Amino acid sequence: LCSGGLDSILSALVLRDQGIEVAWITFETPFFSSQKARAASNRTGVPLMVREITETYLGMLRNPRAGYGKNMNPCLDCHSLMFRLAGEIMQEQGFDFLFSGEVLGQRPMSQNRPALSYVLKHSGFGPHILRPLSAKLLPKTAAEENGLVDRERLLAFSGRSRKPQMALAEKFGIKEYPTPAGGCLLTDVGFSRRLSDLFGHEEGGPSTVREIELLKHGRHFRLSPLAKAAVGRNEAENESICALYDAGADVLFWAENVPGPRVLVPRGAGLEEAELVKAAGLAACYSKAEQGSRVAVRACSARGERTLSLEVPDRAHYKANIL
């Protein structure tokens, strides 16, 4: 399993140094991408498989067995799921074992002994999971017992210091690698708040991947239990919001004849008039129109296009509902 970070890179090179043929797999969802893993594969020549797992991942994310971390990050169940999916591919394609770049004690909540043991148990492939960088500090795996891997040539890294990894990278001639900062949106406070709100207001059915993608763009406002709005903050966000617009389900707003944001209400085509007026007010108050002046706001949906004429409200009117 490869995140594309230095530990992932080193774990593969340590095994390849033993003459073992290695390959990587990385998983994609709206919360993390394969970009770093692809770059690592290009640098090292380790073959990479990329699998998109959003629907499966969302099933776990809504109710993780071990709960969440500080934000909406279900790290233990995330790792368990990925090892389970990788294990199924291992069996299908005839690989011998699984490995990752996890280091004992590097991340205090997700890479301590109980956490690593949790993943072994709940992935369903525990005996097959090797962590080469900390293997000498962990129980033997089936690959070591069967002589597929020489345990004596594995490592005993632990703790949060990066110096041992950096020294090993120099030995392998690895000069370029990403910083250890995580790339998962589920650890981000603001994004987690928006996602929690989305999951908490699914009376109209489960959130779509498109609605989750929308959480990455603009300001977000909860208008009612059934309605939320995304408001572009600049031209790039306006373009992103418009690209996610579904003309058959959503309502898109913008102020006419004055620069301003695009405002998107997902699944808003069937909403009450009061909720649509609130969304139009967002398009007006975040435009360049002066507060208190009148502005025409265009609303576009499956019902057709219409223009609402309203007085530009004070932005503070909306502040309590910002996500």
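Residues numbered from 1 in each chain as written. Predicted model: local features only at pLDDT ≥ 70, side-chain atom pairs only at ≥ 80, totals over all residues. Heavy atoms only, no water.

## Observations regarding the packing of aromatic side chains
The following threshold applies: Between 30 and 60 degrees the pair is tilted, below 30 it is stacked and above 60 it is edge-to-face, where a pair is any two Phe, Tyr or Trp rings, Trp via its six-membered ring, whose centres lie within 6.5 Å. Each helix corresponds to a stretch of at least 4 residues labelled H or I by DSSP, and each strand to a stretch of at least 2 residues labelled E; elements are numbered beginning at the N terminus. Think of it in three bands: residues with accessible area under 20% of the maximum for their type are buried, residues over 50% are exposed, and the middle band is partly exposed, with areas taken using a 1.4 Å probe on protein chains only.
What the rule picks out here adds up to 5 aromatic pairs. Measuring from ring centre to ring centre gives 5.4 Å for Phe32 and Tyr57, while their planes differ by 80 degrees; the resulting arrangement is edge-to-face. With a gap of 25 residues between them, Phe32 in the loop between strand S1 (24-28) and helix H2 (35-44) and Tyr57 in helix H3 (residues 54-61) connect regions that are remote in the sequence. Taking the relative accessible area as the measure of exposure, Phe32 reaches 13% and is therefore buried. Where Phe221 meets Tyr286, the ring centres are 5.9 Å apart and the plane angle is 50 degrees; that geometry is what we call tilted.

## Some words on the sheet that holds strand S5 (residues 219-224)
Basically, it comes down to this: A pair of strands is considered paired only if DSSP assigns at least 2 bridges between the two. Between the N-to-C directions of two axes lies an angle of 0 to 180 degrees, each axis being a line fitted to C-alpha atoms and, for a helix, fitted only over the stretch in contact.
Strand order in the open sheet formed by 6 strands is S5-S6-S8-S7-S9-S10, and the pairing between neighbours is antiparallel. The open sheet is flanked by S5 and strand S10 (304-311), the only strands paired with a single partner. Ignoring strand direction, the axes of neighbouring strands in this sheet form an average angle of 25 degrees. Both strand S7 (residues 251-255) and strand S8 (residues 263-265) contribute to a ladder of 3 bridges, which runs antiparallel.

## Notes on the layout of surface pockets
To keep things clear, this is the line we draw: The distinction between a cavity and a pocket rests on a 1 Å grid over the protein atoms alone: a 1.4 Å probe fits inside a cavity but cannot get out, while a pocket stays open yet meets protein on both sides within 12 Å along at least five of seven lines, and a residue with an atom within 4 Å of a point counts as lining. Grid points are joined across faces, edges and corners, and a volume is the space filled by probe spheres set on the points. Residues are sorted three ways: Asp, Glu, Lys and Arg are charged, Ala, Val, Leu, Ile, Met, Phe, Trp, Tyr, Cys and Pro are nonpolar, and all the rest, Gly among them, are polar.
Within this model, the second largest pocket holds a volume of roughly 360 Å³. Every residue lining the second largest pocket is counted, 19 residues in all, and those nearest its centre are Glu21, Ala23, Phe95, Asp96 and Phe97. Contributions of two or more residues to the lining of the second largest pocket are made by S1, helix H4 (75-93) and strand S3 (98-99). A total of 4 residues in the lining of the second largest pocket trace back to one element, the largest contributor, which is H4. For the lining of the second largest pocket, a count of residues per class yields 15 nonpolar, 2 polar and 2 charged.

## Thoughts on the environment of Cys75
Tracing the backbone through its elements, the reader meets Cys75 in helix H4. For Cys75 and Ala115, which are 40 residues apart along the polypeptide, the C-alpha to C-alpha distance reads 9.2 Å.

## Let's talk about unusual backbone geometry
One non-glycine residue with positive phi stands out, namely Asn257, at about 60 degrees. With respect to the helices, strands and loops of the structure, Asn257 is situated in the loop between S7 and S8. Although it is not a glycine, Arg267 adopts a positive phi angle of roughly 50 degrees. Residue placement: Arg267 occurs in the loop between S8 and helix H11 (273-285). Taking the relative accessible area as the measure of exposure, Arg267 reaches 32% and is therefore partly exposed.

## Quick notes on the pattern of salt bridges
Defined as follows: Salt bridges are defined by distance alone: a side-chain nitrogen of Lys or Arg within 4 Å of a carboxyl oxygen of Asp or Glu.
Taken as a whole and assessed by the stated rule, the structure comprises 15 salt bridges. Of the charged contacts, one joins Arg62 and Glu202 as a salt bridge, the two residues approaching to 2.8 Å between their closest N and O atoms. Placement of the pair is Arg62 in the loop between H3 and H4 and Glu202 in the loop between helix H8 (189-199) and helix H9 (209-214), with a sequence separation of 140 residues. The closest approach of N and O atoms between Arg267 and Glu211, which form a salt bridge, is 2.9 Å. Remark: Glu211 occurs in helix H9 and Arg267 occurs in the loop between S8 and H11; sequence separation between them is 56 residues.

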